[in-house]
Every structure is written in structure tokens, then in C-alpha cells.
Amino acid sequence: MPPTEAHPGTQTTGPPPGPGAQLGADDTLDLHLPEELLALLAADREAGGADGDLLDDLAGWRPAATPAGRFQLVPVRLDRDLALIARWMNDPAVAAFWELEGPPSVTADHIRAQLDGDGRSVPCLGVLDGTPMSYFEIYRADLDPLARHYPARPHDTGVHLLVGGVADRGRGVGTTLLRAVADLVLDHRPRCTRVLAEPDLRNIPSVAAFLGAGFRLSAEVDLPDKRAALMVRDRVLRHVL
């Protein structure tokens, strides 16, 4: 991990970040939801924005102006994006956290589990000034295994991030993107009151990057494979932190 930047494998527990360090795709997709969340899900589908879209039509979210340039989340298409994302996953610094190194089929299976799911997780490229340079997973934390480990609220939204290019690491870009994505979530998901992440507690530079992006350390939580810092960006504090 670069000494002054969010680790390229920064992520949360939500949708499948890899079979080892995080809960896997099967855990996410096979989660047995409590009755109250099932009722919420049904209400979302009846009333929600883009034909009941669980993430409020992420594909239609407008770009954001950031100090690093014009940034946009673009949902992944395997036929177009697999080679690039698989190359990033085979970077040792990324593989140490995501555990998706290997042939492109490993990354494809990971992404396809989300694309073929019910929409609670959307894999995206982070495109900065027209150049794909990062990978994000935006997911419904309240409908995810992470909700077993903290007091979830309806529409809590989680973020996974990796910065793909070495040239984009270690100079504050990760912090800028984290803030931009949290703001995009809060701007386009009016029912979401907070954005979540849970880097490894030992990953001090990553925790610092989230703090720099306006997240606060809410709690320390024991997840299946790590002790994590539960980072929270609150809607009510977004213009303060």
C-alpha cells in the first residue's frame, strides 16, 4: 500500500470483493434477509425511482466536478471492461486485498455475480476526464451481509474502491474519489442517509483517506476475516466534514 494514499484495494464487506479477505459473492447473493428488509425491498420495487431500481438508476447519475477532474461512475460491461479490470486485479497491491488474481475468468465470475443479481450491487468503472482509472462497487449495505455486523438503516449504501493505475496512487486521488462517490450517492439517492465503508483497521493510510474524504470512524467491527473500521459519511454532516 502506498504510504500516503488509500490502498488500491480499499473496499467494504458488501458485494463480493474476493473469496478470502471479504465475504464472497455467494454470501452476498444468498443472504437470507429479515422480514422487515424483505418488506422494504418490496416497497422499493413498487415505488422506487427507475422501475424499482435498488440503487436509484446509478447508470443515469450525472458526472461530478472534482479537484482531480471530471469524474463519472460508468456501470461495467464485461465485453468492454474485463481485460482492464482483470489486469488491475493482478497487481500484487490489489490482489493482496481483493484476492481475484489469476485468469480473466476469475474477475469475470466475480463481476457477473453482481450483474446477474437483483441489483443490490453495481460494479462500475471510475472514469476521470474520460479515462477509466478505478473500479468501484456501489451496493445496498442494508441488504448485504455487512448488515449483520452493525445497526443497519434502510438505504444504507456501501462503497468498494480500487485505484487501478500506479501513477494515480499516493497523490490524494483516492481520497478525492471517495469524497466524490459519497457525494454522488447522497445527491442521487435521496432516501440514503449515510454512505459506509469498512477498511481493515490495521490499514492506517486507508482509514486516513476515508477520514480525509469526510467519513468518520463510527465503530470497530469484527468481520469474518478481519477487524474493520466502520467508516460513515453522514448526509447531515456532509458539508461539515
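Draft legend 1. The pairing of strand β5 (residues 157-163), seen in detail. Counting buried positions along β5 gives 7 out of 7 residues, so the element sits mostly inside the fold. Judged by which residues are buried, β5 turns out to be covered on both faces: Thr157, Val159, Leu161 and Val163 on one side and Gly158, His160 and Leu162 on the other are all buried. Examined bridge by bridge, β5 and strand β6 (residues 194-197) share 2 bridges and lie parallel to one another. By the bridge assignment, Thr157 is partnered in β6 with Val195. In this fold, β5 hands off to helix α6 (residues 173-188), which returns the chain to β6; that crossover is right-handed.

Draft legend 2. Summary view of the packing of aromatic side chains. This model, assessed by the stated rule, comprises 3 aromatic pairs. Their ring planes at 65 degrees and their centres at 5.8 Å tell us that Phe71 and Phe136 sit as a pair that is edge-to-face. A residue pair is termed long-range when its members are at least 10 positions apart, and Phe71 in strand β2 (residues 69-75) and Phe136 in strand β4 (residues 131-140) qualify at 65 residues. Accessibility classification places Phe71 together with Phe136 in one group, the buried group. Here Trp98 and Tyr135 contribute two aromatic rings whose centre-to-centre distance is 5.6 Å and whose plane-to-plane angle is 65 degrees, an arrangement assigned as edge-to-face. Of this pair, Trp98 sits in helix α4 (residues 92-98) while Tyr135 sits in strand β4; the two residues are 37 residues apart in sequence, bridging distant segments of the chain.

Draft legend 3. Structural view of α6. Helix length check: α6 (16 residues) gives 22 Å between terminal C-alpha atoms against 22 Å at 1.5 Å per residue, within 8%. Burial runs high along α6: 12 of the 16 residues are buried. Those residues of α6 that fall on the buried side of the exposure criterion are Val173, Gly174, Thr176, Leu177, Leu178, Ala180, Val181, Ala182, Leu184, Val185, Leu186 and His188.

Draft legend 4. Spotlight on helix α3 (residues 78-89). With 12 residues, α3 extends just 14 Å between its outermost C-alpha atoms, more than 12% less than the 16 Å of an ideal straight helix rising 1.5 Å per residue. Considered for burial, the residues of α3 that qualify are Leu78, Asp81, Leu82, Ile85, Ala86, Trp88 and Met89. The buried residues of α3 occupy an angular sector of 150 degrees when the element is viewed end-on, so they sit on one face. Opposite the packed face of α3, turned more than 90 degrees from it, sit the exposed residues Ala83 and Arg87. Here the buried face of α3 lies against β2, α4, α5 (104-115), β3 (121-128), β4 and β5.

Draft legend 5. Representation of the side chain of Thr157. Tracing the backbone through its elements, the reader meets Thr157 in strand β5. Classification of Thr157 by relative accessible area gives buried; the value is 0%. A distance of 3.0 Å separates a polar atom in the side chain of Thr157 from the backbone oxygen of His155. In this structure, Thr157 is in contact with Leu55, Ile138, Tyr139, Ala141, Val185, Arg189, Cys192, Arg194, Val195 and Leu196, ignoring residues within four places of it in sequence.

The rules behind each value
Residues numbered from 1 in each chain as written. Predicted model: local features only at pLDDT ≥ 70, side-chain atom pairs only at ≥ 80, totals over all residues. Heavy atoms only, no water. Buried < 20%, exposed > 50% of the residue type's maximum accessible area, 1.4 Å probe, protein only. Helix = DSSP H or I, 4+ residues; strand = E, 2+ residues; numbered from the N terminus. Pairing = 2+ DSSP bridges. Right-handed = clockwise from strand over helix to strand, strands pointing away. Phe/Tyr/Trp six-rings, centres within 6.5 Å; stacked < 30°, edge-to-face > 60°. Expected span 1.5 Å × (residues − 1). Arc of directions from axis to C-beta. Contact = heavy atoms within 4.5 Å. Polar contact = N/O pair within 3.5 Å; in protein donor to acceptor, adjacent residues only side chain to side chain.

Without other data, these values stay purely geometric and don't point to any function.
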